[in-house]
Amino acid sequence: YFLCVYFLLFMDRSIIPSLMEQVKEYYGIKDGKAGLLGSVFVFGLLLFSLVAGMLSKRLHPMSIILLGTMIWIAAVIAAAFAYEYEQMLVARLFSGAGEAAACTLAFPIVNDLAPAQAKTLWMSALNVVTNLGTTFGFIYTLLVYTNTKSIFLPFLIEGLLMIPIACIGILPSFRKIISRTYKSMPGAQERKKNVFVELGGILSNNVYLGLILGFSCQMFSVQGLGYWSLLYIEEKFDLDMKEAGMTVVAVAALTGSLAPPLGAKMMDRFIKKKQEITISAVIIRACAFSGSCVLAAVSVGALGIWTTNYWLFVATL
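Residues numbered from 1 in each chain as written. Predicted model: local features only at pLDDT ≥ 70, side-chain atom pairs only at ≥ 80, totals over all residues. Heavy atoms only, no water.

Engineer: Please clarify how the overall build of the chain should be interpreted in this entry.
Structural biologist: The number of helices and strands found in the chain is 14 helices and zero strands. Tracing the chain from N to C terminus, the helices and strands come up as α-α-α-α-α-α-α-α-α-α-α-α-α-α. Within the chain, the fraction of its 317 residues that count as buried is 39%. Expressed as a percentage of contacts within the chain between residues at least 6 apart in sequence, the contacts between residues at least 24 apart total 78%. Summed over its atoms, the accessible surface of the chain is roughly 17,400 Å², and 70% of this surface lies on carbon and sulfur atoms. (Helix = DSSP H or I, 4+ residues; strand = E, 2+ residues; numbered from the N terminus. Buried < 20%, exposed > 50% of the residue type's maximum accessible area, 1.4 Å probe, protein only. Contact = heavy atoms within 4.5 Å. Areas by Shrake-Rupley, 256 points an atom, 1.4 Å probe, with all protein chains shown as cover.)

Here is the structure:
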């Protein structure tokens, strides 16, 4: 269920980046307003992620995810009929808001459902699906647009596809499984603790604050790269939409499919061998490894910015 939901959610993120030139031409806008379509999506995602997290203290998490999914369905179908720029802006805002519930609550639920020896692997499966969804989103959008010349139809199709998947979450048998997990989650008896008390606890935890800051920086880079990469490749190397799209798809499919499970497997093996170390030590070592990868990526990325050779750029990407 969560894999299917995530696949469609992240497929949606690729539609506007895939059709950036066509969107700009249709609405008669420049890069600034085109970028705002991505910004309002992220704003809705961030704002309602906090709301979803607070509501999960009082409501069943599946109820919140279903509500968010219904908002998302309504928003993407509205985007299919957003013939004015302002209408699309509002639709993308609520698309992000609807996605927030699943993005916030699915990972903790999957983490609690997963066997103890395979938690990292199960979590990485969600990461793989997000990358595959984003990758397939480029292919899907290009195929739909090539055959219909419509920038709106991809939104309508994905919204209709989500409806039967969302209905699975209403099934009593499915909710029963989640309910057992929800009741057994650590701290279930403390869900009504004052939100400001919990916020104070978070702000006093240096390790957690570091993770938040690092993840924020990562998402800033990933979202910017994903949103503008196709248009950048088109203009820098004078490629058509299909050629640039296939470049992004190939790179995203390769890195997105291999990196998450590989990293998860390494962490599982590391934790299994080092069971005597504390969780904090595991987090610190994992962050140090991740930081090394990021520094290497920055160095390689700098080379990609300056090169005019297409294949060298693809290698750095």
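Moving on from the coordinates now.
Engineer: Sorry if this is basic, but what is going on with the packing of aromatic side chains here?
Structural biologist: When we look at a pair of aromatic rings, we describe it by the centre distance and by the angle of the planes. All told, the structure shown has ten aromatic pairs when counted by the stated rule. Taken together, a centroid distance of 5.2 Å and an interplanar angle of 80 degrees make the contact between Tyr-26 and Phe-152 edge-to-face. Taken together, the residues span a long stretch of sequence, with Tyr-26 in helix α3 (residues 20–27) and Phe-152 in the loop between α7 (119–148) and α8 (153–168) at a distance of 126 residues. Using a relative accessible area of 8% as the deciding quantity, one classes Phe-152 as buried. Members of the aromatic cluster, joined through ring pairs, are Tyr-26, Tyr-27, Tyr-83, Tyr-85 and Phe-152. (Phe/Tyr/Trp six-rings, centres within 6.5 Å; stacked < 30°, edge-to-face > 60°.)

Engineer: I tried to follow the packing of helix α5 (residues 61–79) against α8 on my own but got confused; where do I start?
Structural biologist: Axes are the key here: two packed helices are described by the angle between their axes and the distance separating the axes. Put simply, α5 and α8 touch, their axes get as near as 8 Å, and they point 155 degrees apart. Judged by the angle between their axes, α5 and α8 are roughly antiparallel. Crossing handedness for the pair α5 and α8: left-handed. In this structure, α5 contributes Leu-66, Thr-69, Trp-72, Ile-73, Val-76, Ile-77 and Ala-79 to the contact, and α8 contributes Phe-155, Leu-156, Glu-158, Gly-159, Met-162, Ile-163 and Ala-166. Its residues placed into classes, the contact of α5 with α8 shows eleven nonpolar, two polar and one charged. (Axes fitted to C-alpha atoms, helices over the stretch in contact; angles between N-to-C directions. Parallel < 35°, antiparallel > 145°, perpendicular 65-115°, else oblique. Left-handed = near helix turned anticlockwise from the far one by under 90°. Nonpolar A, V, L, I, M, F, W, Y, C, P; charged D, E, K, R; others polar.)

Engineer: Sorry, what's going on with the packing of helix α4 (residues 31–55) against helix α6 (residues 85–113) here?
Structural biologist: At a minimum axis distance of 6 Å, the contact between α4 and α6 shows a crossing angle of 35 degrees. As α4 packs across α6, the resulting crossing turns out to be right-handed. Class assignment of the residues belonging to the contact of α4 with α6 gives a composition of 17 nonpolar, six polar and three charged.

Engineer: Hey, could you run me through the pattern of salt bridges in this one?
Structural biologist: Two side chains that carry opposite charge are able to pair once their charged atoms sit near each other. Under the definition given, this model contains three salt bridges. Lys-24 serves as the salt-bridge partner of Asp-31, at 2.5 Å between the closest nitrogen and oxygen. Look at Lys-24 and you get buried, because its relative accessible area is 12%. (Salt bridge = Lys/Arg side-chain N within 4 Å of Asp/Glu carboxyl O.)

Engineer: Looking at this structure, I do not really get α6. What am I missing?
Structural biologist: One turn of the α-helix equals 3.6 residues, which is why residues spaced by three or four share an orientation. With 29 residues, α6 ought to run about 42 Å at 1.5 Å a step, and its terminal C-alpha atoms sit 42 Å apart, in line with that. When the local axis directions of α6 are compared, the greatest deviation, roughly 30 degrees, occurs at Ala-106, which is followed within four positions by the proline Pro-108. (Expected span 1.5 Å × (residues − 1). Bend = angle between axes of the 7 residues up to and from the residue.)

Engineer: I would appreciate a short explanation of helix α1 (residues 2–12) in the present structure.
Structural biologist: Most of α1 sits inside the fold, with eight of its eleven residues counted as buried. Residues of α1 that are buried include every one of Phe-2, Val-5, Tyr-6, Leu-8, Leu-9, Phe-10, Met-11 and Asp-12, and no others.

Engineer: Any chance you could explain the confidence of the model for the chain here in plain terms?
Structural biologist: Detailed reading of the predicted model is not advised wherever pLDDT is low. Across the chain, the average pLDDT comes to 79, with 80% of residues at 70 or higher. Of all the helices and strands in the chain, helix α9 (residues 172–184) carries the lowest mean pLDDT, 59, while α8 carries the highest, 92. Low pLDDT, under 50, characterises residues 184–190; the predicted model gives this stretch seven contacts beyond four residues in sequence or across chains. (pLDDT = per-residue confidence, 0-100.)

Engineer: Quick question: what am I supposed to make of unusual backbone geometry here?
Structural biologist: Note: most peptide bonds trans; most residues except glycine with negative phi. Phi at Lys-149 takes a positive value of approximately 60 degrees, unusual for a residue other than glycine. Tracing the backbone through its elements, the reader meets Lys-149 in the loop between α7 and α8. Taking the relative accessible area as the measure of exposure, Lys-149 reaches 58% and is therefore exposed.

Engineer: What is the right way to read the nonpolar core from this model?
Structural biologist: Nonpolar side chains in soluble globular proteins tend to end up buried together. One finds Tyr-1, Phe-2, Tyr-27, Ile-65, Met-88 and Met-162 to be the most contacted residues of the largest nonpolar core, which totals 52 residues. Counting residues per element, the ones that place at least two in this core are α1, α2 (15–18), α3, α4, α5, α6, α7 and α8. When residues in this core are grouped by element, the largest group, ten residues, is from α6. Of all hydrophobic cores here, the second largest spans eight residues; its members include Phe-138, Val-248, Val-249 and Phe-313. (Core = buried A, V, L, I, M, F, W, Y, C linked by side-chain atoms within 4.5 Å.)

Engineer: Help me understand the environment of Phe-48, please; the structure alone is not making it clear to me.
Structural biologist: With respect to the element layout, Phe-48 can be found in helix α4. Classification of Phe-48 by relative accessible area gives partly exposed; the value is 32%. As for Phe-48 and Gly-96, which are separated by 48 residues in sequence, their C-alpha atoms are 8.1 Å apart.

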